[in-house]
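What the coordinates show
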Amino acid sequence: MTFADLAAFAGRNPVLSLALVGLTVAIIVNEILGLLSGVRRIGPAQLTALVNRDNALVVDLRAIGDFEKGHIAGAKNVQMSQFDPENKALAPAKALPVVLVCQAGQTAHTAAKRLRKAGFAHVAVLEGGIQAWQSADLPLVKGR
């Protein structure tokens, strides 16, 4: 396939071509903003290492019912509707690494940005959330 073939395809399919360009730009901008936010994305193995090595605080942002069905051992439940960087469970942890966890990894980014603005230095998000944790066959604890 040559550049001439690609140009001809773009000429015949302008909507598809614009959609491809738009999605590509959106992905690039999203990745750049993620890098500039100061919030790290970590996987389940990195989370385990942070908890074991650096005594990281794991904050689960899911609803209480979901939290009680299964959560990462040692995690504190702070529901997103009540999330505040000055929360009594969070305020003492400003010097510790804080890892935010939600169901699929989307909601935690908003909370992580708020923690960074409040002066928390080491903030991370479990990429993929609890779903990624379960996919890695790691255990969950039931109850509070």
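Here the structure is a predicted model, which means the values were calculated and not measured. (Residues numbered from 1 in each chain as written. Predicted model: local features only at pLDDT ≥ 70, side-chain atom pairs only at ≥ 80, totals over all residues. Heavy atoms only, no water.)

With that settled, the discussion passes to the sheet that holds strand β5 (residues 123-126). Pairing is parallel in the open sheet, where five strands are placed in the order β1-β5-β4-β2-β3. Looking along the sheet, the strands with just one partner apiece sit at the ends: β1 (40-42) and β3 (76-77). Bridge analysis of β1 against β5 gives three bridges, and the strand direction is parallel. In the sheet register, R41 faces β5, and the bridge partner there is V125. (Pairing = 2+ DSSP bridges. Helix = DSSP H or I, 4+ residues; strand = E, 2+ residues; numbered from the N terminus.)

Here the focus is the nonpolar core. Counting residues in each nonpolar core, the largest one holds 18 residues, and the members touching the most others are V59, L61, F83, L90, V98, L100 and L115. Counting only elements with at least two residues in this core, the list comes to β2 (57-60), β4 (98-101), α5 (107-117) and β5. Per-element accounting of this core gives the leading share, four residues, to α5. (Core = buried A, V, L, I, M, F, W, Y, C linked by side-chain atoms within 4.5 Å. Buried < 20%, exposed > 50% of the residue type's maximum accessible area, 1.4 Å probe, protein only.)

Relative to the helices and strands, S81 is located in the loop between β3 and β4. Classification of S81 by relative accessible area gives exposed; the value is 66%. Along the backbone, S81 and R62 are 19 residues apart, and their C-alpha atoms lie at a distance of 9.7 Å.

What follows covers the pairing of β5. Every second residue of β5 is oriented toward a common face, with V123 and V125 on one face and A124 and L126 on the other, all of them buried. Examined bridge by bridge, β4 and β5 share three bridges and lie parallel to one another. Directly across from L100, in β5, lies its bridge partner V125. Between the parallel elements β4 and β5, the chain passes through α5 in a crossover that is right-handed. (Right-handed = clockwise from strand over helix to strand, strands pointing away.)

On to unusual backbone geometry. Positive phi values are uncommon outside glycine, yet N55 reaches one of about 55°. Position of N55 relative to the elements: it lies in the loop between α3 (44-54) and β2. Take N55: its relative accessible area is 54%, and that puts it in the exposed class. The phi angle at D137 is positive, at roughly 60°, despite the residue not being glycine. By secondary structure assignment, the location of D137 is in the segment after α6 (129-135).

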